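An overview of the molecular structure
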Amino acid sequence: MSTKADTVVKKGYNVEEIRAQFPILKELVNGKPLVYFDNAATSQKPRRVIKAESAYYATINANVHRGVHTLSTKATEAQEAARETIRKHINAKHAHEVIFTSGTTAGINLAAMSLGQLLLKKGDEVVISGMEHHSNIVPWQLACEWHGAKLKLIPITDSGEWDLKQVPFSDKTRILAISHVSNTLGTINPVKELIAEARKRGIITVVDGAQAIAHLNVDVQDLGCDLYAFSGHKAYGPTGTGVLYGREELLERMPPWQGGGEMIDTVTLEKSTWARLPFKFEAGTPHIAGIIGLGEAIRWMEDYDFAFAKASAEQCKSAFAAHEHLLLEHASKELLTIDGLRIIGTAKEKVGVISFVIDGVHHYDLGTLLDQQGIAVRTGHHCTQPLMDHFGVSGTTRASFACFNTIAEVDAMVDGVKKGVNMLR
Amino acid sequence: MSLAQTQQELISEFALFSDWQDRYEHLIELGKDLPLIAPEHKVDDNLVRGCQSRVWLHAELSNASTGLSVTGHKEPLIRFTADSDAMITKGIVALLVRVFNDRTPQEIIGASTDFIDQIGLRAHLSPNRANGLSAMIDQMKRYAVAFSATSRQGS
């Protein structure tokens, strides 16, 4: 099935060539070809990533950093090559500003626990926004509770954007923790602008980049943030991998969060001293295979996503993002022809994420019926319950696009939704 | 009809449908026959935890009749009422209620729920947090255990 819109997409962007690299896209689900629209939860993996991870186990598996033997050296080199790839990709100044974590959640927990100890005193304030994922709410709630600080909220507008007139900065604000892109709404937030404002006030800034890394050209120096967390598995990399970028000067001041092997310089029973960056924050054996896979995922993205172009003065969008934007526009237009359907999140700047509710149709029912048709979407509150409360809904159905999705798949979803709605009304 | 017979009846009923659409349409129809929970019981305390949709479940002893337990003792029968805000979930609760209603606590506690798999609704049994089928079964069995304990104390 080839539509007119498909032809447009294919000009300069060969989606079939990209699809051919994802083995999972050949799978049948419930007897139907898989349509995978749950990329905001986790993206699928290209063959190169799968191969890189298994090649590590098959040829150079050894623990990193401490060994004198050849395999350990090779494993260390491969892991550190991945660190350098990521450094370049996000334009960090130094490779040791790239800390490997198990994912965005671990990165934000590290940030909240360590910064909490470094910065927060009774009466201090931490500012987050009303569209944060629970992972960027709960760690700050914990840190605030432990240090007697308060959590303040940037309110959300009806279109699902920050209300920048009501940013609750005060002379007590110590930390700003915000998402680059909303996982539920797809909103691309004006993080650079807000970070600049925070920095003027001496506020430390933490960005949850989980939903940005696969779609935007993230440049941490340009953003000006102190810390930036993302997951590997949402950017075509393995699960259980992630990165916390931190500005060197801040990381040096931050106390370690987890203790163990790899992160110490010397240990006596009275007192230990910490290893240099980044190892101070990497206690225990890292997910070496995953990290190598993540490095390959970033290289794969760079190879295919060559045509970085300035989409606006604020954000650099990639060729992938431009393709996903076409899918988003097509999906929005077609879905809105369905009676009683409302899109939640209508910001001007969005990545390829579309959340919707339909009068008289429960998202769980719709998700189940779409699954029967081989279409994978996510339903529920998407770990953003405060945001759901804001919009007065219990949950939404969310389709989130990646570089390998097609207009024909969007059409299949729209047909599937119509079929589901007919059955449920 | 015994509990096992009711399960068999459901399996045969669903075997008539060859495609997913008919199967789910039938499930949605079954949901419309669910004995609805009374408004006073449709409260947060009766919500089944672990469902993406909301499910309210209430159980009481049926005062009309009693059944015979495996040990030959007279045992009370349990009557379930429920509701859900999602139609498929409501259909699934209706299936369970049809199987478990007017049974003795012992029958419910000992019942296998393999029939769900056999009627092609296996996806709803997966240990996925999104669906609460196993949570519903657990909750029904917990009610049965509780009623079993109280009826023994009373006898």
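Structure: see above.
We now turn to the structure provided with this report. Numbering of residues begins from 1 in every chain and follows the order in which that chain's sequence is written. Lettering for chains starts from A, numbering for ligands starts from 1, and both go in the order in which the items are written. Only residues with pLDDT of 70 or above have their local features reported here, since the model is predicted, and side-chain atom pairs are shown and tallied only from 80 upward, although totals for entire chains, interfaces and linings are computed over all residues. Processing note: side-chain calculations cover all non-hydrogen atoms of the structure and skip hydrogens and water entirely.

Remarks on the overall build of chain B
Under the scheme used here, helices are H or I runs from DSSP no shorter than 4 residues and strands are E runs no shorter than 2 residues, and both carry numbers assigned from the N terminus. Along chain B, the regular secondary structure elements total six helices and two strands. Starting at the N terminus, the α and β elements of chain B follow one another as α-α-β-β-α-α-α-α. Each residue's exposure class comes from its accessible area (1.4 Å probe, protein chains only) as a fraction of the maximum for that residue type: buried when under 20%, exposed when over 50%, partly exposed otherwise. Looking at chain B as a whole, 48% of its 155 residues qualify as buried. Pairs at least 24 residues apart make up 67% of the contacts formed inside chain B by residues separated by at least 6 positions. Counting every atom, chain B has about 8000 Å² of accessible surface; 50% of that belongs to carbon and sulfur. By the convention used here, residues are in contact when the closest approach between their heavy atoms is within 4.5 Å. Here the open area of atoms and residues is found with the Shrake-Rupley method and a 1.4 Å probe, where only the protein chains shown may cover a residue.

Brief notes about helix α11 (residues 319-335) of chain A
Expected span of a helix, by definition, is 1.5 Å for each gap between consecutive residues, and there is one gap fewer than residues. Taking 1.5 Å of rise per residue, 17 residues should cover 24 Å, and α11(A) covers 24 Å from first to last C-alpha, within 8% of that figure. Three or more residues of α11(A) are buried, namely A319(A), F320(A), A321(A), H323(A), E324(A), L327(A), L328(A), H330(A), A331(A), S332(A) and L335(A).

A look at the packing of helix α2 (residues 20-32) of chain B against helix α3 (residues 87-100) of chain B
Residues and elements named next belong to chain B. To define axes, lines are fitted to C-alpha atoms, for helices over the stretch in contact only, and angles between the resulting N-to-C directions are given on a 0 to 180 degree scale. In the contact formed by α2 and α3, the axes pass within 7 Å of each other and the chain directions differ by 70°. Here α2 lies roughly perpendicular to α3, going by the angle between them. Here α2 and α3 pass one another in a crossing that is left-handed. Contact residues: Y24, L27, I28, L30, G31 and K32 in α2; M87, I88, K90, G91, I92, A94, L95 and R98 in α3. Put simply, angles under 35 degrees are roughly parallel, angles over 145 are roughly antiparallel, angles from 65 to 115 are roughly perpendicular, and the rest are oblique. In this scheme, a crossing is called left-handed if the near helix is turned counterclockwise away from the far one by less than a right angle; it is called right-handed if the turn is clockwise.

Looking at the sheet that holds strand β19 (residues 396-400) of chain A
Residues and elements named next belong to chain A. One requirement defines pairing of two strands: DSSP has to find at least two bridges between them. Reading across the sheet, the four strands line up as β15-β16-β19-β18 and stay open at both edges, with antiparallel pairing between neighbours. Bordering the open sheet on either side are β15 (341-344) and β18 (378-380), each of which pairs with just one other strand. Pairwise comparison of adjacent strand axes, ignoring direction, gives a mean angle of 30° for this sheet. In this fold α11 packs onto β15 and β16 (353-358), with an angle of close to 10° to the strand it touches most, β16.

A closer look at a positive patch on the surface
Residues and elements named next belong to chain A. Each patch is built from salt-bridge-free residues with over 30% relative accessible area, joining like charges within 9 Å and nonpolar side chains (Val, Leu, Ile, Met, Phe, Trp, Tyr) within 5 Å. One side-chain nitrogen of Lys or Arg within 4 Å of one carboxyl oxygen of Asp or Glu is enough to make a salt bridge. By the counting rule applied here, Lys and Arg register as positive and Asp and Glu as negative, while His and the ends of each chain are not counted. One atom stands in for each charge, and that atom is NZ of Lys, CZ of Arg, CG of Asp or CD of Glu. Together, K122, K150, K152 and K172 make up a positively charged patch on the protein surface. Mapped onto the secondary structure, K150 falls in strand β6 (residues 150-154). Judged by relative accessible area, K150 falls into the partly exposed class, the value being 47%.

A closer look at the interface of chain B and chain A
Accessible area lost upon the coming together of the parts serves often as the stated size of an interface. With 16 residues of chain B in contact, the opposing surface of chain A contributes 14 residues. We define buried area as the total accessible area lost by two parts upon association, computed with a 1.4 Å probe and summed across both. In this assembly, chain B packs against chain A so that about 1400 Å² is buried in total across both faces, 63% of it on carbon and sulfur atoms. When the buried area of chain B at its contact with chain A is split by residue, W20(B), Q52(B) and I88(B) rank highest and sum to 43% of it. Polar contact is defined as a pair of N or O atoms within 3.5 Å, subject to the rule that within protein one atom must be able to donate a hydrogen and the other to accept it, and that residues adjacent in sequence are counted only when both atoms are side-chain atoms. Counting every contact that joins chain B to chain A gives four residue pairs in polar contact (both at pLDDT 80 or more). Of all elements in the fold, only α2 and α3 of chain B reach the threshold of two or more residues within the side of chain B that touches chain A. With six residues, α2(B) is the largest single contributor of residues to the side of chain B that touches chain A. Note on residue categories: nonpolar means Ala, Val, Leu, Ile, Met, Phe, Trp, Tyr, Cys or Pro, charged means Asp, Glu, Lys or Arg, and polar means any other residue, Gly included. A class-by-class count of the residues in the side of chain B that touches chain A yields seven nonpolar, six polar and three charged.

What about the side chain of H330(A)?
Mapped onto the elements, H330(A) comes out in helix α11. Filtering out sequence-adjacent residues up to four positions away, H330(A) remains in contact with I407(A), V410(A) and D411(A).

Looking at the sheet that holds β6(A)
Residue and element names in this part refer to chain A. Taken in spatial order, the seven strands line up as β4-β10-β9-β8-β7-β5-β6 in an open sheet, and their pairing is mixed. Each edge of the open sheet carries a strand with a single partner, namely β4 (98-101) and β6. When the angles between neighbouring strand axes are averaged without regard to direction, this sheet yields 20°. Against the sheet, helix α5 (residues 104-119) touches β4, β7 (173-179), β8 (204-208), β9 (227-231) and β10 (242-246), its axis set at about 155° to β9.

Let's talk about the nonpolar core
V417(A) and F80(B) are the most contacted members of the largest nonpolar core, which totals 69 residues. If you tally residues by element for this core, the top one is α3(B), at nine residues. Excluding its chain neighbours within four sequence positions, the residues that come into contact with F80(B) are P35(B), L57(B), H58(B), A59(B), V97(B), F100(B), N101(B), I108(B), M140(B) and Y143(B). The nonpolar core is taken to be a set of buried Ala, Val, Leu, Ile, Met, Phe, Trp, Tyr and Cys residues, with the residues joined through side-chain atoms within 4.5 Å.

A few points about the pairing of β7(A)
All names here are of chain A. Counting buried residues in β7 gives six out of seven residues, a clear majority hidden from the surface. As judged from the three bridges shared by strand β5 (residues 125-129) and β7, these two strands associate in the parallel manner. Each residue of the ladder has a partner; that of V126, found in β7, is I175. Direction of pairing for β7 relative to β8: parallel, over a ladder of five bridges. Across the sheet, residue L176 finds its bridge partner in β8, namely T205.

Topic: the packing of aromatic side chains
Note on ring pairs: Phe, Tyr and Trp rings are taken, using the six-membered ring of Trp, and paired if centres are within 6.5 Å. Classes follow the plane angle, with under 30 degrees stacked, over 60 edge-to-face and the rest tilted. Under the counting rule described, the total for this entry stands at 14 aromatic pairs over all chains. Judged by centre distance (5.9 Å) and plane angle (65°), the rings of F22(A) and Y236(A) are edge-to-face. Here the residue F22(A) occupies a position in the loop between α2 (15-19) and β1 (28-29), and Y236(A) occupies one in the loop between β9 and β10, the gap between them amounting to 214 residues. Both residues of the pair, F22(A) and Y236(A), belong to the buried class. Pairing F80(B) with Y143(B) gives two aromatic rings, centres 6.4 Å apart and planes at 65°, and the pair type is edge-to-face. On the criterion of sequence distance, the pair formed by F80(B) in strand β2 (residues 74-84) and Y143(B) in helix α6 (residues 133-154) is long-range, its members being 63 residues apart. A relative accessible area of 0% means that F80(B) is categorised as buried. Under the relative-accessibility criterion, Y143(B) is labelled buried at 17%. One aromatic cluster in this structure is built from Y13(A), F22(A), Y236(A), W300(A), Y304(A), F320(A) and F404(A). Counting as a charge over the ring demands two things of the Lys NZ or Arg CZ atom: a distance within 6 Å of the ring centre and an angle within 35 degrees of the ring normal. The ring centre of W56(B) lies 4.7 Å from the NZ or CZ of K42(B), which sits over that ring.

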